[in-house]
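Coordinates in review
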Amino acid sequence: MAGGQARILKRYALVAPLSVTTILAVLVSLALILALSFQTIDVVKLFTTLTTDAYVENLGEPLFWRLLLRSIWVALAVTGVTIALTYPAAYFISFKAQKYKNALLVIMSAPFFTSYLLRIFGWKIILGYGGILNAALIDLGLIKEPLESLVYRPSTVVIALAHAYLAFAILPIYVALDRIDRSLIEAAADLGARPLKNFIKITLPLSMPGVISAALLIFVPTVGDYITPTLIGGPDGAMVANLIQSAFGKANDCPAGSAMAVATITTVALPLLLIYVMFGRKMKAAS
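Structural notes, computed from the coordinates. As the structure is a prediction and not an experimental result, all values here were calculated from the model. (Residues numbered from 1 in each chain as written. Predicted model: local features only at pLDDT ≥ 70, side-chain atom pairs only at ≥ 80, totals over all residues. Heavy atoms only, no water.)

**Describing the overall build of the chain**
Of the regular secondary structure elements, the chain holds 13 helices and zero strands. In the chain, the succession of helices and strands from N to C terminus is α-α-α-α-α-α-α-α-α-α-α-α-α. In terms of principal-axis extent, the alpha carbons of the chain reach across some 80 × 70 × 30 Å. Partitioning the contacts of the chain with sequence separation of at least 6, the portion at a separation of at least 24 is 67%. Counting every atom, the chain has about 17700 Å² of accessible surface; 70% of that belongs to carbon and sulfur. Charge-centre separation for the chain: the mean point of 22 positive side chains lies 14 Å from the mean point of 14 negative side chains. (Helix = DSSP H or I, 4+ residues; strand = E, 2+ residues; numbered from the N terminus. Contact = heavy atoms within 4.5 Å. Areas by Shrake-Rupley, 256 points an atom, 1.4 Å probe, with all protein chains shown as cover. Lys, Arg positive; Asp, Glu negative; His and termini not counted. Charge placed at Lys NZ, Arg CZ, Asp CG, Glu CD.)

**Details of the nonpolar core**
Residues Val74, Val78, Ile173 and Leu177 are the most contacted members of the largest nonpolar core, which totals 26 residues. When residues in this core are grouped by element, the largest group, seven residues, is from helix H3 (residues 62–95). Leaving out residues up to four positions away in the same chain, Ile173 has contacts with Ile83, Thr86, Tyr87, Ala90, Gly210, Val211 and Ala214. (Core = buried A, V, L, I, M, F, W, Y, C linked by side-chain atoms within 4.5 Å. Buried < 20%, exposed > 50% of the residue type's maximum accessible area, 1.4 Å probe, protein only.)

**Regarding the pattern of salt bridges**
Within this structure, the stated rule accounts for three salt bridges. Here Asp236 makes a salt bridge to Arg153, at a shortest N to O gap of 3.9 Å. Taken together, the residues span a long stretch of sequence, with Asp236 in the loop between helix H11 (227–233) and helix H12 (240–248) and Arg153 in the loop between helix H6 (132–139) and helix H7 (154–164) at a distance of 83 residues. Residue Asp236 is classed as partly exposed on the basis of its relative accessible area of 42%. In the salt-bridge network here, residues are joined through shared partners; they are Lys101, Asp178 and Arg182. (Salt bridge = Lys/Arg side-chain N within 4 Å of Asp/Glu carboxyl O.)

**Some words on the packing of H3 against H7**
Two numbers describe a pair of packed helices, the interaxial angle and the distance between the axes. At their nearest, the axes of H3 and H7 sit 9 Å apart, and the two run at 45° to each other. The angle between H3 and H7 places the two elements in the oblique class. Classified by chirality, the crossing of H7 by H3 is right-handed. Taking contact as the criterion, the partners of Trp73, Val74, Ala77, Val78, Val81 and Thr82 in H3 are, on H7, Pro154, Val157, Val158, Leu161 and Ala162. Counted by class, the contact of H3 with H7 contains ten nonpolar, one polar and no charged residues. (Axes fitted to C-alpha atoms, helices over the stretch in contact; angles between N-to-C directions. Parallel < 35°, antiparallel > 145°, perpendicular 65-115°, else oblique. Left-handed = near helix turned anticlockwise from the far one by under 90°. Nonpolar A, V, L, I, M, F, W, Y, C, P; charged D, E, K, R; others polar.)

**Overview of the environment of Leu32**
The topology assignment puts Leu32 in helix H1 (residues 2–36). The exposure class of Leu32 is partly exposed, given its relative accessible area of 38%.

**Structural notes on unusual backbone geometry**
Despite not being glycine, Tyr152 has its phi angle at roughly 60°, a positive value. Looking at the secondary structure, you find Tyr152 in the loop between H6 and H7. Among the residues examined, Tyr152 registers a relative accessible area of 35% and is labelled partly exposed.

**Quick word on the side chain of Thr51**
Here Thr51 is to be found in the loop between H1 and helix H2 (53–59). Classification of Thr51 by relative accessible area gives buried; the value is 14%. For Thr51, the side chain forms a polar contact with the side chain of Asp53, separated by 3.2 Å. Apart from the residues within four sequence positions on either side, Thr51 is in contact with Ser37, Phe38, Gln39 and Thr40. (Polar contact = N/O pair within 3.5 Å; in protein donor to acceptor, adjacent residues only side chain to side chain.)

Here it is in structure tokens:
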């Protein structure tokens with residue numbers, strides 16, 4: 001009994017630093033934002049009287065909801081594009097690469113060892129008015145003047161963010177594919193299932209946990225991204241995080257920024273929680 005308790009204590013000791021860091025960095029920060037959202041602006045005091053003025057004044061603005069809807073649309077587009085690009089690559093590495101799996105995974109992840117800002121500026125250089133793509137199109141005679149619509153658009157933000165999250169998407173999908181029992185696929189083929197039907201009926205359903213994990217890893221941080229829209233989004237590519245950052249920074253209105261942050265978190269978290277519950281029930285029913 002004593003030995004079993006010692007092992008349990010050792011396990012808790014191993015996860016204690018991560019647990020404390022998570023509580024301090026995430027839960028306390030969220031609690032502070034929630035508390036600030038019910039305050040009034042005061043340059044001297046951080047906490048004043050409880051009020052819902054920040055919610056009434058800011059959530060009633062059409063601009064907030066327009067940027068929030070744009071952020072959700074951009075996040076959905078980034079998620080779809082990223083998974084569409086990474087799933088075939090993860091499938092190839094898992095089923096076809098054989099002894100080159102590890103090398104290919106390292107190659108896929110290598111570009112993301114560089115700075116995130118450098119990659120964003122790289123897309124700005126490629127898609128800019130005087131960038132590489134415009135220069136190539138002019139040299140090929142396809143256009144006479146540089147195109148202004150390649151940068152400072154929501155589509156540019158989608159491209160840059162999809163590139164930024166490729167490595168984060170391919171790993172969970174690859175793990176899910178690599179865990180599939182190959183005997184199931186072979187049995188289906190022996191029973192007459194063609195490759196496409198075998199993939200739809202066996203491989204794709206069994207790999208969905210990895211796909212959903214990748215989608216969550218991409219969608220959640222993308223909704224709150226503000227660096228990429230700031231650098232290459234322009235006015236048409238601004239997202240809700242830019243509005244929240246302006247409230248905290250330029251306007252020095254912490255209650256307004258906190259209220260918009262709470263509304264954004266709630267709007268995004270509730271549907272994701274519903275999807276998670278539904279998916280969890282289906283997984284339990286399947287098992």
